[in-house]
Amino acid sequence: MTLNEILREDAQSVYRTTAALMRLVDGDMLDWKPSTGSNWMTTGQLLKHLTEACGAVVRSFVTGDWGIAEGTDVSEMPGEEMLPSAEAMGSVSSVEEALKLLAEDEATAIEMFAEVSSERLVNERSTAPWGGPELSLFQHCNGMIWHLAQHKGQLFYYLKLQGKPVNTMHLWMGGDG
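Residues numbered from 1 in each chain as written. Predicted model: local features only at pLDDT ≥ 70, side-chain atom pairs only at ≥ 80, totals over all residues. Heavy atoms only, no water.

Points about the overall build of the protein
Selection criterion: In this text, helices come from DSSP runs of H or I with a minimum length of four residues, and strands from runs of E with a minimum of two, each type numbered from the N-terminal end. Relative accessibility decides the category of a residue: with a 1.4 Å probe and only protein chains considered, values under 20% of the type maximum give buried, values over 50% give exposed, and everything between is partly exposed. Residue contacts are counted whenever heavy atoms from the two residues lie within 4.5 Å of one another. Note on areas: these come from Shrake-Rupley sampling with a 1.4 Å probe, and a residue is covered only by the protein chains present in the view.
The helix and strand inventory of the protein stands at eight helices and two strands. Written out in order from the N terminus, the α and β elements of the protein read α-α-α-α-α-α-β-β-α-α. With 177 residues in all, the protein has 40% of them scored as buried. Sequence-distant contacts in the protein: of pairs separated by 6 or more residues, those separated by 24 or more amount to 73%. Put simply, the protein shows about 9,700 Å² of open surface, and 53% of that area lies on carbon and sulfur atoms.

Structural notes on the packing of helix 3 (residues 55–63) against helix 5 (residues 95–115)
Selection rule: Axis geometry follows a simple rule: fit a line to the C-alpha atoms, using only the stretch in contact for helices, then measure angles between N-to-C directions, giving values from 0 to 180 degrees. Should an angle fall under 35 degrees it is taken as roughly parallel, and over 145 as roughly antiparallel, whereas 65 to 115 is taken as roughly perpendicular and any remaining angle as oblique. Note: crossing handedness is left-handed where the near helix turns anticlockwise from the far helix by less than a right angle, and right-handed where it turns clockwise. Under the convention adopted here, Pro, Cys and the residues Ala, Val, Leu, Ile, Met, Phe, Trp and Tyr are nonpolar, Asp, Glu, Lys and Arg are charged, and Gly plus all remaining residues are polar.
Two numbers describe how helix 3 lies on helix 5: the axes approach to 7 Å, and their chain directions differ by 30 degrees. On the basis of the axis angle, helix 3 is roughly parallel to helix 5. The handedness of the crossing between helix 3 and helix 5 is left-handed. In this structure, helix 3 contributes Gly55, Ala56, Val58, Arg59, Val62 and Thr63 to the contact, and helix 5 contributes Asp105, Thr108, Ala109, Met112 and Phe113. Per-class residue counts for the contact of helix 3 with helix 5 are six nonpolar, three polar and two charged.

Notes on the environment of Thr108
Residue placement: Thr108 occurs in helix 5. Residues Thr108 and Gly55 lie 53 residues apart in sequence; the distance between their C-alpha atoms is 5.2 Å. When residues no more than four places from it in sequence are discounted, the contact partners of Thr108 are Gly55, Ala56 and Arg59.

A word on the environment of Gly27
As for its position among the elements, Gly27 is in the loop between helix 1 (3–22) and helix 2 (43–50). A C-alpha to C-alpha distance of 9.0 Å links Gly27 and Glu96, two positions 69 residues apart in sequence.

Examining the pattern of salt bridges
Where charged atoms of side chains with opposite charge meet at close range, the side chains can pair. Which entries qualify depends on this criterion: The salt bridge definition used is simple: a Lys or Arg side-chain nitrogen within 4 Å of an Asp or Glu carboxyl oxygen.
One pass over the structure, following the stated rule, counts five salt bridges. The partner of Lys48 in a salt bridge is Glu52, with the nearest N and O atoms 3.5 Å apart. The closest approach of N and O atoms between Arg125 and Glu134, which form a salt bridge, is 3.4 Å. Residue Glu134 is classed as partly exposed on the basis of its relative accessible area, which comes to 45%.

With respect to a nonpolar patch on the surface
Note the threshold: Candidates for patches are residues over 30% relative accessible area with no salt bridge; among them, like charges are joined within 9 Å and nonpolar side chains (Val, Leu, Ile, Met, Phe, Trp, Tyr) within 5 Å.
A cluster of nonpolar side chains, contributed by Met169, Trp172 and Met173, occupies part of the molecular surface with about 360 Å² of accessible area. Mapped onto the elements, Trp172 comes out in helix 8 (residues 168–173).

Regarding the state of the cysteines
To keep it simple, the criterion reads: Throughout, disulfides are identified as pairs of cysteine sulfur atoms within 2.5 Å of each other.
Within the structure shown, the criterion is met by zero disulfides. The thiol sulfur of Cys54 is not disulfide-bonded, and the nearest other cysteine sulfur, from Cys141, lies at 8.1 Å. Taking the relative accessible area as the measure of exposure, Cys54 reaches 0% and is therefore buried. The class of Cys141 is buried, set by a relative accessible area of 0%.

Quick word on the pairing of strand 1 (residues 125–128)
Test applied: Any two strands between which DSSP finds at least two bridges are classified as paired.
Sheet analysis places strand 1 next to strand 2 (residues 131–136), joined by three bridges and oriented antiparallel. For Ser126, the partnering residue across the bridge sits in strand 2 and is Leu135. Hairpin remark: strand 1 followed by strand 2, antiparallel, with two residues in the connecting loop.

What about the nonpolar core?
We apply this condition: What is meant by a nonpolar core is a set of buried Ala, Val, Leu, Ile, Met, Phe, Trp, Tyr and Cys residues, joined one to another through side-chain atoms within 4.5 Å.
Of all hydrophobic cores here, the largest spans 44 residues; its most connected members are Leu47, Cys54, Val58, Phe113, Cys141 and Leu155. Contributing elements (two or more residues each) for this core: helix 1, helix 2, helix 3, helix 5 and helix 7 (137–161). Examining the composition of this core, we find that ten residues originate from one element, helix 7, more than from any other. For Phe113, the residues in contact, after removing those within four places along its chain, are Asn4, Leu7, Arg8, Ala11, Val58, Cys141 and Ile145.

Below, the structure is given as structure tokens:
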């Protein structure tokens, strides 16, 4: 099995369970967010973020195109541009829109995993624009799958807090088994 295949299989698993959890969201709950604490995304914002959490960023790592003007020093960008507050984040208008966007993001990730060479995945190293350690391209791509999985877990807890009867099987398998 190649690293490309590992990335593809891991991503497909996380996207599958994420889509299954999205299907449990009630369309009239898109404005819901936890009532305690601060800087929480609404359910609609979380769904939108899930659709941008992996494939689009994988494409940027693989192609090197971050949509940032050449010569821009990202360390000098205002923090809210690199990591906006929840209030500044976009939202979906429906669960159907979220599912469509998630499928598109998955297709992007799978395409990038198929196109990048195993040699690049192992040998190409970089630092993400938002900082952190220098990592291999494989680690960055794998990290974006983790990013999607982390927010999938957040959606799972949002559903629990909304009274949905979800359990561990929903989190890992997309349903009751």
